[in-house]
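Topology and contacts: notes
Each chain, letter by letter, is given below.
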Amino acid sequence: MGKTLFEKIWESHVVVEKPNNPSLIYIDRHLIHEVTSPQAFDGLRMNNRKVRRPDLTIATMDHNVPTNDRSLPILDQTSAIQIQTLEKNCKDFGITLFDINSPNQGIVHVIGPQLGITLPGSTIVCGDSHTSTHGAFGALALGIGTSDVEHVLASQTIWLEKPKPFEIKIKGKRKNPHAVTAKDIVLSIIKNIGTGGGTGTVIEYRGEGIEDLSMEQRMTICNMSIEAGARAGLIAPDEKTFDYLRGRKYTPKNYESLVEEWREYLKTDNDATFEKQFTLHIDDIAPQVSWGTNPGMTCDVTESVPFPDEFAHGDPNQEKGAEKALNYMNLKPGTPIEDIKIDRVFIGSCTNARLEDLIEASKVVRGQKISPSVRAMVVPGSQMVKKQAEEMGLDKIFIDANFEWREAGCSMCLGMNPDILSPGERCASTSNRNFEGRQGTGGRTHLVSPVMAAAAAIKGHFVDVRKMDLN
Amino acid sequence: MKGNIIKYAQDNIDTDVIIPGQYLKVHDYAELATHAMEGLDPNFHSKVKNGDFILSGKNFGCGSSREHAPIALSHSGIKAVLALSFARIFYRNAVDGAFLLPIEIEHDAYDGISEGDEVDIDISANEIKNLTKNQTYKMKPFSEIIGKIIAAGGLFKYKPDQD
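Now for a quick tour of the structure. (Residues numbered from 1 in each chain as written. Chains lettered and ligands numbered in written order. Predicted model: local features only at pLDDT ≥ 70, side-chain atom pairs only at ≥ 80, totals over all residues. Heavy atoms only, no water.)

**Looking at the interface of chain A and chain B**
Counting residues at the interface gives 46 residues for chain A, matched by 45 residues for chain B. Taken together, the two surfaces of chain A and chain B that pack against each other cover about 3,700 Å², and 50% of this comes from carbon and sulfur. On the chain A side of the contact with chain B, A:Ser147, A:Trp159 and A:Asn317 bury the most area, a combined 16% of that side's loss. Scanning the region where chain A abuts chain B turns up five salt bridges. Close ionic contact of A:Lys18 with B:Glu144 constitutes a salt bridge, the shortest N to O distance being 3.8 Å. At the junction of chain A and chain B, the tally comes to 25 residue pairs in polar contact (both at pLDDT 80 or more). Breaking the side of chain A that touches chain B down by element, the ones donating at least two residues are α2 (38–46), α3 (77–93), α5 (146–155), β8 (157–160) and α12 (316–329) of chain A. Here the side of chain A that touches chain B takes five residues from α5(A), the largest share from any one element. Per-class residue counts for the side of chain A that touches chain B are ten nonpolar, 22 polar and 14 charged. (Contact = heavy atoms within 4.5 Å. Buried area = accessible area lost by both parts, 1.4 Å probe. Salt bridge = Lys/Arg side-chain N within 4 Å of Asp/Glu carboxyl O. Polar contact = N/O pair within 3.5 Å; in protein donor to acceptor, adjacent residues only side chain to side chain. Helix = DSSP H or I, 4+ residues; strand = E, 2+ residues; numbered from the N terminus. Nonpolar A, V, L, I, M, F, W, Y, C, P; charged D, E, K, R; others polar.)

Pasting the structure below:
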């Protein structure tokens, strides 16, 4: 019987396997950052252990870093300590670090692919749930906790229960690919299968709707696999994948011969079977806007805020969840999405802060001013993205429209650096989570694509970006 | 293992309400514990007692990979979370650091157990006894290696068999 892409990668990395039990899996690349690694290094020191493969471990700082002027000191003492601790740990254990002043600094899931660290067929872990992003290259990429970070530092392996392969087929073609984006595809998937729909699985995204996407768009899709509860998300590598990785800083010397092997091997066999399947037709999908407090609570921009009972389809916990979400979001059922006014706009995060995201958003913004009642910011995903965007003059387009143009980092995705919402503020955000308090205590998050966020910044409320000229 | 139940009758309790992002910089676990569940239930810290269990619905611990989530609950005194299902990273973090037991339950336990009930978790029998209501429910058994990691007291105390 044939094998899925996931099974092929899994089998080539198994060190120990026993039926019905977790397997010991070899890890090819370990990415670390300042927030989930300090206790892991403490553990190594306490037990007098070394980092087994410092050459396969790469560090950067992204979660805590302020995104204003980099020449200023970091005012928050606890953040400053976490950043200094990562510097010391990398020095002591011989790990390459892209620090706050490095031209390669950025969100760990943006810099991995940009530097050619992310390779097809490899296993990648990081103490961050959005590690699933790297699956866009046909890598098995998993988010792990700090105990597992320590385990990987010490042994270059983790114990993992074998997830089940889940096929998500994307059929059809978007009529307006500038207005209906990869973000809208993945939000549509989560809206349909739910935030627990992928639990215990590795999703493989397939079909013409995926093949059509650029590498950066595929990263947006795989990034949000975790929001469907999946362990990871994968896309089989193709010529776009191989072209993207050619000639980058860490691209292997024998790259072309690797590509030949990958071309043959890294795909799901025709006679392979998946344990779960879902198909999404994208011919007619609309831009998506989340209205609630998890990414599954999402609807079309043309719809209205749902009534809890119609959302719940008879599930009492879902109905209660929706009522609680609407209360937190201060939204009335039946309100047209386009009538929802916003206070803030955040274009950033590992989901949507790559060069293409900024190019697309700039087309909406060009020659316009943001609504006077809105504060809007663009936070490039990496210093490299920032530089490329500036070379194209995108910074000027955003600044002329009164956007703030900032330095790279996780910024307002997760409320642990100076970029946060004030209580009650409502934000159109290109990030990945609309949980209560995610962008700051009492903040209200609506998840959207970069073009939808840009359009909302101009109008001061949500608007169907298909009505705008994006060419 | 006996304890009293704190019940959150809802699905999708996420890591950001278990421990909001601004506290991920806190390394003192006792201080971290004072912010546990702050995003969902500001009274949690004043009502939780050492040895309590949390009971909740589907997809408990969804979201971030932050190990601070099970750490904050554990240092608040929570010894186990009983839920209809768990997000997998939370589940592994709970087990790997031996912070608390993630117990997967069925609807009979979820519906039958109320806030404040005293329950007795018997891992060897895969049973939960409700001492307050005199009912017994099945729990989903741990897989063999997960059981061994739990018995060893966490990932770093677990010694894989040599066979």
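**A look at the packing of aromatic side chains**
This model, assessed by the stated rule, comprises 13 aromatic pairs over all chains. On the numbers, 5.2 Å between centres and 40° between planes, the contact of A:Phe41 with A:Phe93 is tilted. With A:Phe41 in helix α2 and A:Phe93 in helix α3, the pair connects residues that are 52 residues apart, well separated along the chain. Each member of the pair, A:Phe41 together with A:Phe93, is buried. Arranged with centres 6.3 Å apart and planes meeting at 0°, the rings of B:Phe86 and B:Phe90 form a pair that is stacked. Exposure remark for B:Phe86: the relative accessible area of 1% places this residue in the buried category. An aromatic cluster is present here, built from B:Phe60, B:Phe86, B:Phe90 and B:Tyr91 joined pairwise through their rings. Cation over ring: B:Lys7 sits above B:Tyr110, and NZ or CZ is 5.2 Å from the ring centre. If you follow B:Arg88 out to its NZ or CZ, it ends over the ring of B:Tyr91, 4.4 Å from the centre. (Phe/Tyr/Trp six-rings, centres within 6.5 Å; stacked < 30°, edge-to-face > 60°. Buried < 20%, exposed > 50% of the residue type's maximum accessible area, 1.4 Å probe, protein only. Lys NZ or Arg CZ within 6 Å of the ring centre and 35° of its normal.)

**Considerations on the sheet that holds strand β2 (residues 23–26) of chain A**
Residues and elements named next belong to chain A. With antiparallel pairing, three strands are arranged side by side in an open sheet as β1-β2-β8. Of all strands in the sheet, those bounded by a partner on one side alone are β1 (14–16) and β8. In this sheet, neighbouring strand axes are inclined to one another by 40° on average, regardless of whether the strands run parallel or antiparallel. By the bridge criterion, four bridges tie β2 to β8 in an arrangement that is antiparallel. By the bridge assignment for β8, Leu24 is matched with Trp159. (Pairing = 2+ DSSP bridges. Axes fitted to C-alpha atoms, helices over the stretch in contact; angles between N-to-C directions.)

None of this, on its own, says anything about what the molecule does.
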